[in-house]
Amino acid sequence: MEAAMGLMRRIPAKHTDTALSALLSLMPSHSSDLLSQVDQPLQVLCDVDSGKEFILCEYNRDADSYRSPWSNKYHPSLEDGSLPSLALRKLEVEANDIFAIYRDQYYEGGISSVYMWEDDNEGFVACFLIKKDGSKTGQGRRGYLEEGSWDAIHVIEVGPEEEENTNYRLTSTVMLTLTTNNESSGTFSLSGSIRRQMTMRLSVADGHLCNMGRMIEEMESKLRYSLDQVYFGKTREMVCTLRPPSEVAQIRIPES
Amino acid sequence: MAEEEEEETELSEKQKIEIAKWFLLNSPPGEIYYVAKDVKSILNDDDLYNQAASEAFPVYNKSHFISLPMPDRSGDVLVTSFGELEGYAYLDPRTAQVAIVDHVKQVCTEVRPATDEELPSPYIEEFRCALDAEILKYVEESYPKGVCSVYCANGKDVEGPGSDFEFAVVISAARHSPQNFCNGSWCSMWNIEFKDDQQTVEVKGKIEVDAHYFEEGNVQLDAKHECKDSTLFQAPDDCAISISSIIRHHETEYLASLEASYLNLPDSTFKDLRRKLPVTRTLFPWHNTLQFSLTRDISKELGIGK
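The structure displayed is predicted, hence computed values, not measured ones. (Residues numbered from 1 in each chain as written. Chains lettered and ligands numbered in written order. Predicted model: local features only at pLDDT ≥ 70, side-chain atom pairs only at ≥ 80, totals over all residues. Heavy atoms only, no water.)

Colleague: If you had to explain helix H3 (residues 32-43) of chain B to someone new, which residues and values would you point to?
Modeller: Taking 1.5 Å per residue, 12 residues should reach 16 Å; H3(B) reaches 16 Å between its end C-alpha atoms and fits that length. Contacts made by the buried residues of H3(B) are with helix H1 (2-8) and helix H2 (16-26) of chain A together with helix H2 (13-25) and helix H4 (46-63) of chain B. (Helix = DSSP H or I, 4+ residues; strand = E, 2+ residues; numbered from the N terminus. Expected span 1.5 Å × (residues − 1). Contact = heavy atoms within 4.5 Å.)

Colleague: Can you lay out the domain arrangement of chain B for me, pointing to particular residues and giving the numbers?
Modeller: Residue and element names in this part refer to chain B. Split by domain assignment, chain B resolves into domain 1 (2-63), domain 2 (65-116) and domain 3 (120-265). Counting from both sides, the interface comprises 11 residues of domain 2 and, opposite them, 16 residues of domain 3. Together, the buried faces of domain 2 and domain 3 total about 1,200 Å²; carbon and sulfur atoms form 65% of this surface. By the criterion of area lost to domain 3, the three top residues of domain 2 are Phe65, Phe82 and Arg94, representing 54% of everything that side buries. For the pair domain 2 and domain 3, the interface holds 1 salt bridge. With a closest N to O distance of 2.8 Å, Asp132 and Arg94 form a salt bridge. (Domains from an automatic or database assignment. Buried area = accessible area lost by both parts, 1.4 Å probe. Salt bridge = Lys/Arg side-chain N within 4 Å of Asp/Glu carboxyl O.)

Colleague: Give me the lowdown on the domain arrangement of chain A, citing residues and values where you can.
Modeller: Along its sequence, chain A is organised into domain 1 (1-38) and domain 2 (85-242). Distance between the C-alpha centres of domain 1 of chain A and domain 2 of chain A: 22 Å.

Colleague: So what's going on with the interface of chain A and chain B? Residues and values would help.
Modeller: Size of an interface: often given as the accessible area lost when the parts come together. Taken together, the contact between chain A and chain B spans 84 residues of the former and 80 residues of the latter. When the buried surface of chain A facing chain B is broken down by residue, Arg10(A), Arg224(A) and Arg243(A) rank first, second and third, together holding 11% of it. In this assembly, chain A and chain B are joined by 7 salt bridges. Residue Glu216(B) pairs with Arg196(A) through a salt bridge whose shortest N-O separation is 3.9 Å. Our count for the contact surface shared by chain A and chain B stands at 36 residue pairs in polar contact (both at pLDDT 80 or more). Those elements that place two or more of their residues in the side of chain A that touches chain B are H1, H2, helix H4 (86-107), strand E8 (147-158), strand E9 (165-182), strand E10 (186-203), helix H5 (208-242) and helix H6 (246-255) of chain A. When residues in the side of chain A that touches chain B are grouped by element, the largest group, 21 residues, is from H5(A). Tallied by class, the residues present in the side of chain A that touches chain B amount to 40 nonpolar, 24 polar and 20 charged. Sheet topology note: the E10(A)/strand E11 (residues 217-232) of chain B ladder contains 8 bridges and is antiparallel. (Polar contact = N/O pair within 3.5 Å; in protein donor to acceptor, adjacent residues only side chain to side chain. Nonpolar A, V, L, I, M, F, W, Y, C, P; charged D, E, K, R; others polar. Pairing = 2+ DSSP bridges.)

Colleague: Would you mind going over the pattern of salt bridges in detail, with residue names and values included?
Modeller: Under the definition given, this model contains 34 salt bridges over all chains. With a closest N to O distance of 2.6 Å, Asp49(A) and Lys73(A) form a salt bridge. Taken together, the residues span a long stretch of sequence, with Asp49(A) in the loop between strand E1 (43-46) and strand E2 (53-56) and Lys73(A) in the loop between strand E4 (65-67) and strand E5 (74-75) at a distance of 24 residues. According to the relative accessible area criterion, Asp49(A) is partly exposed, its value standing at 48%. One salt bridge connects Glu141(B) with Arg248(B), and the closest N-O pair in it is separated by 3.1 Å. With Glu141(B) in helix H5 (residues 122-142) and Arg248(B) in helix H6 (residues 236-269), this residue pair connects regions lying 107 residues apart in the sequence. Through salt bridges with shared partners, one network takes in Glu108(A), Arg141(A), Arg142(A), Asp272(B) and Arg275(B). (Buried < 20%, exposed > 50% of the residue type's maximum accessible area, 1.4 Å probe, protein only.)

Colleague: I'd love a proper account of the pairing of E1(A), names of residues and values included.
Modeller: Residues and elements named next belong to chain A. Sheet topology note: the E1/E2 ladder contains 4 bridges and is antiparallel. By the bridge assignment for E2, Leu45 is matched with Phe54. A loop of 6 residues connects E1 with E2, the two strands running antiparallel in sequence, and Gly51 in this loop sits at a positive phi of about 75 degrees.

Structure below.
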């Protein structure tokens, strides 16, 4: 299993799917570990009732069906699929509505879904998902990207209430690819994934949704910053180590 | 589904080898060794692993233009299909030597002088040598750890004017620093066609740059570019100078365009995935989400909006 995770750290993000199915077939006895530990690009289904799309993940799956956050129904339909309690479903509905607005403000498009379920220690777990196709044929407003996808998975474990405070533990993963392609510079593609955790103890006075939302917003900004400045920055540094650009400066100055 | 899974659990040895090869061939630059270790432990079968490795390593080494020091300290030999001879032997045109390579260990085990049949004619060699000297000068100036070779890809036995011939210029620079979780490689391949009847030289280039950063994550750059140019068929020294300046020019331009792509990331390219700040330019009002349900109710009542 360690070796399998080692491979997943090295295989390019665009091959995640292929790599995962290869590992599943090589190590069938570890399939549940693999499926829970390897993050895969998010898939989408259309809710037949509302006509809206929703995101599939392990958390809204029961057998081979997935529960839509919009109609609370399983697709394909499932007689006795597990459902959250009424109270939690109410919070889930609200979270889906608000998170859709949040998603629209930051992503200018995309799809979001929120799923919640009770856990064993009097608290609950919430999973916030966002999928954005930023390519010019998708929802890339500016049309810069030949290919561009952002898949975010935020899982928050919410502990039981203690003296008006609650512990929140957030685990977030972002997977992305972006490819530009033009005549003069060829194809330029960056892809990858990172995962981070954050724990906070917050007052429940503001409500769970407000607390979870703030944590996710902070985390998403951090992840975006890390990818942009640190991860992309490191690959840029590597390019400059391979072929330092000093020569560019020397040649360029007299020209300009 | 269940049937499929059953089939999958009974992978044939051949399928296992194919999967192992796929992982090895998709290793990021400089990381095939680490991938091989993991693949070996997953396969848990030395025979299968050895067969997969013996098939995948040569392909990987050649496609990444890896360079290996020759045991007699006469420099590095590039492992490329242009220099490939029978029996894992690779010609190093500059030293007129043939290097025997152990692909899986990624070492050059011995060298021998090249035979006359393995080397180009004196007429071709004059062009090749002149170009090699110019390219070497350029690579030494521009790449801190670059290795280059000029091969005759076609027409090595042409004895004098009147026939076409073709060179391949390979430039390879790699940097591996696993302790910093970073590896990268720059490979360029230039195809140079000397056209005798038109008295022109056609230059076609393919550049591939890869970088991998994997400290608490896995992010890879994969950049490719192709370009074309041409110059006049002149005397060997003049050809060498104009070809190497074409290559220098295009590679410099390409590096500048890579830089530009990076500069465009934060504010334009990345923005199509996710903005730094919401369209409202202020953080999301989580403390006051009631306003949204109010607006929604009003728009519903007024029959506007979605």
